[in-house]
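Descriptive structure summary
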Amino acid sequence: MKRTMLTGLYNTWLRQRAAKRPKPLNVIAFMTYRCTNRCATCNIWKRTEGRVDAFKAKELSMQAWDRIIEKLSHAGVHSLEIFGGDSLLCQDVVFPLIEKCTDLGIDTYLPTNCNLLDEFAAVRLVTAGLGTVYFSIDGNDGLQNTIRGNTNAHTNATQAIRYIHDAKKKLGKTKPRMGVLTTVSNMNVDQIEPILNEFKKYPIDFVYLRALSEVTEDDVDGSIIDGIAATPFFTSTFETSNLLSDKQADNFKALLRRLHRKRTSWPFFLSLSCPASLSKQTYTQGIYLDYPCHLCTTVVTLTPSGQVVPCPFFTDYILGDLNREPSLEAIWGNDKHLAFIKKQRERGLAVCRKCCMRHLYPGVEEKIRQVINPYLDRLNRKRWGGF
């Protein structure tokens, strides 16, 4: 455990150092903005409503992605997250793309809503060498269906877990690592413990509890750079907040304490460091503590057409086109990119204070906070997420 902790801190220090240049370490690649869910906490599916064919026409072929992956590898990228929308709408690209990354030593991650992860897809993902798969599950049975806006969401998720597990066993593979991502909102916060208990039935390796991102129109209005507005997708679909009430936040904090005390009793790794380190303000207002962003400096975001952007929330702020440019080095760290970083560091982009993704790429100070906060919290329960 201590070795893992020290390794995590060392890797965090490496990222913090790389952020000063900036230097690309990881990639978030949108395969598509099209989606098969209608989630209550995400509106990316609205982006393509009535224009599905137009968006689909801009999505790259595997031939184009093949060239892009070569450029990413040359730039020294370590990992690639296959993102969406529902990325499995692009299976003709996703499977060979994973194979390409595996051959080049780039680790791959796939978050999925599971709607298209059938037995065939599971075998292809395992065969291709997928490194990690995240199943998005926010509730049991009907609750999952309601939050995800799909009457089959829960069934699809539980079947997908079994399909991946069976494919690994059949093919004699140890990968991908299998985990569940659960986003905590006012719709499921009172059911977190029953949800975790259900996960005991699943052959999974880990469970991550995630706080909600919820961006408002005022945040978007306060995030204009060079006349280009932010394009966040973590917004309430039904125009009602999904953040926690004060009472729900207090109860959730108490639950985190109980979970931390019995964390070794779970049959999977239950990650509590991130949710336990967050302030009450994060859960009730969606405002994250102010730390430097390493997402826009070390994590390359690619659009479905191969354009490089500095952040998943700014998909119209184009730094360059990796499908056309000779290398990532010609784009990452260019003048337009540096202008974005400067504006972000000067707190000129309001959406940044509502961004949960930035929190997943912490600096050393924040990482230390995440590691030790659950222990400090037991000593001082009157304060939220502070030293």
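Residues numbered from 1 in each chain as written. Predicted model: local features only at pLDDT ≥ 70, side-chain atom pairs only at ≥ 80, totals over all residues. Heavy atoms only, no water.

The subject of this paragraph is the overall build of the protein. Counting secondary structure elements, the protein contains 15 helices and twelve strands. Since a compact globule built from 387 residues should have a radius of gyration of about 21 Å, the 20 Å found for the protein is in line with a globular shape. Overall, the protein is about 55 × 50 × 45 Å in size when its C-alpha atoms are taken along their principal axes. When the 387 residues of the protein are sorted by exposure, 56% land in the buried category. If you take every contact in the protein between residues at least 6 apart in sequence, the share linking residues at least 24 apart comes to 76%. Counting only carbon and sulfur atoms, one obtains 50% of the accessible surface of the protein, whose full area is about 17,000 Å². Looking at the protein, you have 52 positive and 39 negative side-chain charges, and the mean spots of the two groups are 8 Å apart. (Helix = DSSP H or I, 4+ residues; strand = E, 2+ residues; numbered from the N terminus. Rg over C-alpha atoms; globule rule 2.2 N^0.38 Å. Buried < 20%, exposed > 50% of the residue type's maximum accessible area, 1.4 Å probe, protein only. Contact = heavy atoms within 4.5 Å. Areas by Shrake-Rupley, 256 points an atom, 1.4 Å probe, with all protein chains shown as cover. Lys, Arg positive; Asp, Glu negative; His and termini not counted. Charge placed at Lys NZ, Arg CZ, Asp CG, Glu CD.)

Our focus in this paragraph is unusual backbone geometry. Outside of glycine, negative phi angles account for most residues, and trans bonds account for most peptide bonds. A cis amide bond, omega -5°, links R21 with the succeeding residue P22. For P22, the position within the fold is in the loop between helix 1 (2-18) and strand 1 (26-30). Residue G85 is reached from G84 by a cis peptide bond, and omega for that bond is 20°. Considering the arrangement of structural elements, one finds G85 in the loop between strand 2 (79-83) and helix 4 (91-104). Although it is not a glycine, C114 adopts a positive phi angle of roughly 80°. Within the secondary structure layout, C114 lies in the loop between strand 3 (107-112) and helix 5 (119-128). Classification of C114 by relative accessible area gives buried; the value is 2%. A positive phi angle, near 55°, is found at D226, a position not held by glycine. Positionally, D226 belongs in the loop between strand 7 (224-225) and strand 8 (228-229). For D226, a relative accessible area of 59% gives the class exposed.

Turning our eyes to something else, we now look at the pattern of salt bridges. Summed over all chains, the structure comprises 13 salt bridges. For E346, the salt bridge goes to K342, with nearest N and O atoms at 2.7 Å. Among the residues examined, E346 registers a relative accessible area of 52% and is labelled exposed. (Salt bridge = Lys/Arg side-chain N within 4 Å of Asp/Glu carboxyl O.)

Glancing now at the pairing of strand 6 (residues 206-210). Taking burial as the measure, the five residues of strand 6 include five buried ones, the bulk of the element. The side-chain alternation of strand 6 yields two buried faces, one formed by F206, Y208 and R210 and the other by V207 and L209. When strand 5 (residues 177-183) meets strand 6, the two strands line up parallel, connected through five bridges. Its bridge partner being in strand 6, T183 is matched across the sheet by R210. Traced from strand 5 through helix 8 (residues 192-199) to strand 6, the parallel crossover comes out right-handed. Pairing between strand 6 and strand 9 (residues 269-271): three bridges, direction parallel. Each residue of the ladder has a partner; that of Y208, found in strand 9, is S271. (Pairing = 2+ DSSP bridges. Right-handed = clockwise from strand over helix to strand, strands pointing away.)

Right, let's get into the packing of helix 3 (residues 62-74) against helix 4. Running from N to C, helix 3 and helix 4 cross one another at 25°; their axes reach a closest spacing of 10 Å. As summarised for this structure, helix 3 and helix 4 are arranged roughly parallel, according to the angle between their axes. Helix-helix and strand crossings are classified by hand; for helix 3 and helix 4 the assignment is right-handed. Listed contacts from helix 4 to M62, W65, D66, I69, E70 and S73 of helix 3 are D92, V93, P96, L97, K100, C101 and L104. For the contact of helix 3 with helix 4, a count of residues per class yields eight nonpolar, one polar and four charged. (Axes fitted to C-alpha atoms, helices over the stretch in contact; angles between N-to-C directions. Parallel < 35°, antiparallel > 145°, perpendicular 65-115°, else oblique. Left-handed = near helix turned anticlockwise from the far one by under 90°. Nonpolar A, V, L, I, M, F, W, Y, C, P; charged D, E, K, R; others polar.)

The ten strands lie next to each other as 9-6-5-4-3-2-1-10-11-12, forming an open sheet whose pairing is mixed. The sheet is open, and its two edges are formed by strand 9 and strand 12 (320-321), each paired on a single side. The pairing of strand 1 with strand 2 spans five bridges and is classified as parallel. Within strand 2, the residue paired with A29 across the bridge is I82.

Moving on, we come to the confidence of the model for the protein. Averaged over all residues, the pLDDT of the protein equals 92, while 95% of them reach at least 70. Below pLDDT 50 for its whole length, residues 379-387 participates in 21 contacts with residues either more than four positions away or in separate chains. (pLDDT = per-residue confidence, 0-100.)

At a minimum axis separation of 11 Å, helix 8 and helix 10 (residues 246-261) run at an interaxial angle of 35°. Every residue of helix 10 that contacts helix 8 at I192, E193 and L196 is listed here: F252, L255, R258 and L259. For the contact of helix 8 with helix 10, the residue count by class is five nonpolar, no polar and two charged.

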